[in-house]
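Summary of structural features
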Amino acid sequence: MHHLTRGAIFAHLDPCHRPFYIYGLRSSLSPPVRYSSIMDSSTLFVSLVALPLGLLALRTVYHLYFHPLSRFPGPKLAAATSLYEFYYDVIKSGMYIWEIERMHEKYGPIVRISPHEIHIKDSNYYDEIHAGASRKRSKDPRYAIAFGAPYSLVGTITHDHHRFRRGLLSNYFSKRSVVDLGPSIDDKVEKLIARFDQTYHSGEVLHLHLDFAALTADVITDYCYGWSYGYLETGKGSRSNDLVDAVNGLMVMFHINRFFPFLITIFRNTSPTLLRWLQPQMADLFNLKARLRQQASDTLQKQSLRKIDSEARPTIFDALTNLELPESERTLDRLEDESALLLGAGTETTARSITVAMFHLINNKEIMAKLRTELKTVLPTPRSKASWVDLEQLPYLTGVVNEGLRLSHGMTARLARVSPTEPMLYQDWTIPAGVSQWYRFTGCNLPMRLMGVKSDGGSKAGSPFLEKVADYCISQTPVSQSNYFVHMDPTLFPEPNKFDPERWIRAAEKGEYLSRYIVSFTKGSRQCLGMNLAYAEIYLSLAHIARRIDFALHQTTADNICVYRDMGIGCPEVGLFGVRATVEGLIKE
Ligand code: HEM
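Nothing here was measured: the structure is a model prediction, and the numbers come from that model.

Rules and cut-offs
- Residues numbered from 1 in each chain as written.
- Predicted model: local features only at pLDDT ≥ 70, side-chain atom pairs only at ≥ 80, totals over all residues.
- Helix = DSSP H or I, 4+ residues; strand = E, 2+ residues; numbered from the N terminus.
- Contact = placed C-beta atoms within 7 Å.
- Buried ≥ 20, exposed ≤ 12 C-beta atoms within 10 Å, placed from the backbone.
- Arc of directions from axis to C-beta.
- UniProt positions renumbered as here; feature names shortened; annotations may be inferred.
- Near = placed C-beta within 6 Å.
- Nonpolar A, V, L, I, M, F, W, Y, C, P; charged D, E, K, R; others polar.
- Axes fitted to C-alpha atoms, helices over the stretch in contact; angles between N-to-C directions.
- Parallel < 35°, antiparallel > 145°, perpendicular 65-115°, else oblique.
- Left-handed = near helix turned anticlockwise from the far one by under 90°.
- Core = buried A, V, L, I, M, F, W, Y, C linked by C-beta atoms within 7 Å.
- Pairing = 2+ DSSP bridges.
- pLDDT = per-residue confidence, 0-100.
- Expected span 1.5 Å × (residues − 1).

**Quick look at the overall build of the chain**
- From N to C terminus, the chain includes 27 helices and twelve strands.
- Once local pairs closer than 6 in sequence are excluded, the contacts in the chain between residues at least 24 apart make up 70%.

And the structure:
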């Protein structure tokens, strides 16, 4: 039997058998080794050990002394290598956020937290990082990939490409469109309350987060496709929600994706059984994506056969599959990723904000009583109805909504932005704009211009291939500030851990514009697209449920909803985020 080594494999490909001489590997198929063994082993050492180590050393020296960020404050280890961040975020699962906090205590408000990233812990600088559409803001490819949906809006890297894609959907999420959606949301809130009514009699322990996720999932699937997935129907609700499972799968992958972006493609093509064996939550994510892909394929087929019902209400999915769009914008990869983003983002974050607010309402009877007193002004009986626009006028309810958003944080991940064409200025520091590596070393940008690659990483011809080239050639500086630090800033929110709706009323009386510091949706051109929809769902559900249902917590404390890890979104130390409760009473008047 042949003893097959790497050399033997190459022997079939290379008639000169050069690999044997280079690596000195022996095979029973190989010709005799001609070089002396001393020479072979030294060559082997150089190629396998010394060369990579030498390159690594050179790269480290570059990062520490010649990189454009080399003069920024921060630990040398973090500046030298991304392994520092890798250790805390991947090996220790989402703990770099606390290490960053420690760095700020030592080095001040601006810190170089990795060879290429700057973190600024200054709540007043958040709007500059997340600037509006008149100032270009791109994404760093390493962050865009973290969501596991590289073809979606949230995974779009360049400013101009993002503006185009966002323009396709923005009308669907305008305030006016969301107000029109009011009856559809009301209908689903009513179904959820009916479920709570039933459990009053059965004594079932509810997983409130899953119940709220059933509500938000039914709203967004209805809006995307024209029919809801029916999570609120009898028999579902607390028990299962594959959109939540998929988001949990994404959380497992969030930091890993940033370091090993190729894994997404590998997992996309891995057999579902193997994937489930490797990591069940990841399998949930890819199962959902496969289902959305099939749905996209069916819709595309109908579009091409012109079988679309012209009477039906136009859906978000119709906009994404419109035949007038360039073909590159209607690929199955793109539709799968965009659908996964819309359904996942539309479900989980909103459900979390409602859950956090509801936890504090149940946990603090005085706050609940004050809220109910105010609610009675627009909901005189438990079965009365009020619109989102009416509810927004209530100051105490608005305080409850804001505290729910603040303490659920939206995302805890550093959602870094890149300023591709102008430097960002912070105090005495100038953070360099995107510049091609070639330009940095030669001072000449001609080759990039000839290729049609723009300095913001886009390509003049809108070519995806050239944009990929740009990703590799253009060195950008991602600048970030985790939402968590703004929401927990004691100078803005004294006793930041306290759920205090009245802080919003006090601020309004003093003329302070505190809601500027609610950054759960981020800010600027890449702010959450579904913000209006989220507000409508939060106001409508909290108001109507608080007016009608009395809950009691079941084996749940603040530890079950706190941020112990940053896995893209905040996670408690043990188990999954969640609030368990029973229905203790139905309010009669
Ligand atoms: C309380 C509820 C919500 C919170 C806290 C929230 C938070 C966020 C955040 C932080 C981002 C920015 C991600 C980044 O910078 O990379 C984002 C983006 C996005 N969100 Fe939301 N979201 C919420 C609800 C929704 C809803 C209901 C939808 C409806 C589909 C939605 C759809 C999106 C989309 C499409 C994006 C990508 C926007 C873009 O890149 O232009 N979100 N969301």
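**A short note on helix H19 (residues 365–375)**
- Where H19 is concerned, the buried positions are Ile367, Leu371 and Leu375. The buried side chains of H19 occupy one side of the element, clustering within an arc of 75° when seen end-on. For H19, the exposed residues set more than 90 degrees away from the buried face come down to Lys365, Glu366, Ala369 and Thr373.
- Residues of H19 that are buried sit in contact with helix H18 (332–363), helix H21 (395–408) and helix H27 (531–548).

**A word on the UniProt feature "binding site: heme" (unreviewed entry) in the chain**
- Following the UniProt record, one finds the feature "binding site: heme" (unreviewed entry) at Cys528.
- Excluding its chain neighbours within four sequence positions, the residues that come into contact with cysteine 528 are Phe521 and Thr522.

**Some thoughts on the site of the ligand**
- The environment of the ligand is formed by 23 residues, the closest being Gly346, Thr349, Gly410, Cys528 and Gly530.
- Those elements that provide at least two residues to the shell around the ligand are H18 and H27.
- Tallying contributions element by element places H18 first for the shell around the ligand, with seven residues.
- For the shell around the ligand, a count of residues per class yields 13 nonpolar, eight polar and two charged.

**Side note on the packing of helix H5 (residues 83–91) against helix H13 (residues 242–259)**
- At a minimum axis distance of 9 Å, the contact between H5 and H13 shows a crossing angle of 155°. Viewed along their axes, H5 and H13 adopt a mutual orientation that is roughly antiparallel. Where H5 crosses over H13, the handedness of that crossing is left-handed. Of the residues in H13, those in contact with Phe86, Asp89 and Val90 of H5 are His255, Ile256 and Phe259.
- Residue composition of the contact of H5 with H13, by class: four nonpolar, one polar and one charged.

**Some words on the nonpolar core**
- Among the nonpolar cores identified, the biggest contains 129 residues, and Met358, Tyr539, Leu542 and Ala543 are the most heavily contacted of them.
- For this core, the leading source of residues is H18, giving 14 residues.
- When residues no more than four places from it in sequence are discounted, the contact partners of methionine 358 are Leu208, Leu542 and Val579.

**Here's the deal with unusual backbone geometry**
- At serine 93, a residue that is not glycine, the phi angle is positive and equals roughly 55°.
- Residue classification places serine 93 among the partly exposed residues on the basis of 16 C-beta atoms within 10 Å.
- Even without being glycine, glutamine 427 reaches a positive phi, approximately 45°.
- Residue placement: glutamine 427 occurs in the loop between strand E4 (424–426) and strand E5 (429–431).
- For glutamine 427, a count of 11 C-beta atoms within 10 Å translates into the label exposed.

**Brief notes about the sheet that holds strand E8 (residues 479–480)**
- Taken in spatial order, the three strands of this open sheet run E1-E2-E8, and their pairing is mixed. Since the sheet does not close on itself, it has two edges, and those belong to strand E1 (110–112) and E8, each with one partner.
- Across two bridges, strand E2 (residues 118–120) lies against E8 in parallel orientation. Bridging from a neighbouring strand, isoleucine 118 pairs with valine 479 of E8.

**Quick look at the sheet that holds strand E3 (residues 206–207)**
- Spatial ordering of the open sheet is given by E3-E12-E9, a layout of three strands whose pairing is antiparallel. In this open sheet, the two edge strands, each paired with only one partner strand, are E3 and strand E9 (549–553).
- With five bridges connecting them, E9 and strand E12 (residues 580–586) associate as antiparallel partners. Residue pairing for E12: isoleucine 549 is matched across the bridge by leucine 586.
- Along the sheet, helix H11 (residues 182–202) makes contact with E3, E9 and E12, crossing E12 at roughly 85°.

**Concerning the environment of alanine 131**
- Its place among the elements puts alanine 131 in the loop between helix H7 (126–129) and helix H8 (141–144).
- Overall, the presence of 18 C-beta atoms within 10 Å leaves alanine 131 in the partly exposed class.
- A sequence separation of 37 residues divides alanine 131 from leucine 168, and the C-alpha atoms of the two residues are 21 Å apart.
- Beyond its immediate stretch of four places on either side in the chain, alanine 131 contacts Arg137 and Gly524.

**Thoughts on the packing of H18 against H21**
- At their nearest, the axes of H18 and H21 sit 8 Å apart, and the two run at 115° to each other. The angle between H18 and H21 places the two elements in the roughly perpendicular class. For the pair H18 and H21, the sense of crossing is right-handed. Of the residues in H21, those in contact with Arg352, Ser353, Ile354, Val356, Ala357, His360 and Leu361 of H18 are Val400, Val401, Glu403, Gly404, Leu405, Leu407 and Ser408.

**Considering the confidence of the model for the chain**
- Summing up the model confidence of the chain, the mean pLDDT is 85 and the portion of residues at 70 or higher is 83%.
- Confidence metrics for the complex model read pTM 0.86 and ipTM 0.98.

**Description of the pairing of E12**
- Where E3 meets E12, two bridges bridge the pair, whose relative direction is antiparallel. In the strand pairing of E12, histidine 207 is matched with arginine 580.

**Structural notes on the environment of proline 141**
- Among the secondary structure elements, proline 141 is positioned in helix H8.
- For the pair formed by proline 141 and isoleucine 157, sequence separation is 16 residues and the distance between their alpha carbons is 6.3 Å.

**Focus: H27**
- Given a rise of 1.5 Å per residue, 18 residues ought to cover 26 Å, and the 26 Å separating the end C-alpha atoms of H27 matches this to within 8%.
- Along H27, 17 of the 18 residues are buried, which leaves the element largely enclosed by surrounding structure.

**Quick notes on the environment of tyrosine 88**
- Mapped onto the elements, tyrosine 88 comes out in helix H5.
- Here the alpha-carbon distance between tyrosine 88 and aspartate 337, two residues 249 residues apart in the chain, equals 28 Å.
- In this structure, tyrosine 88 is in contact with Met95, Tyr96 and Glu99, ignoring residues within four places of it in sequence.

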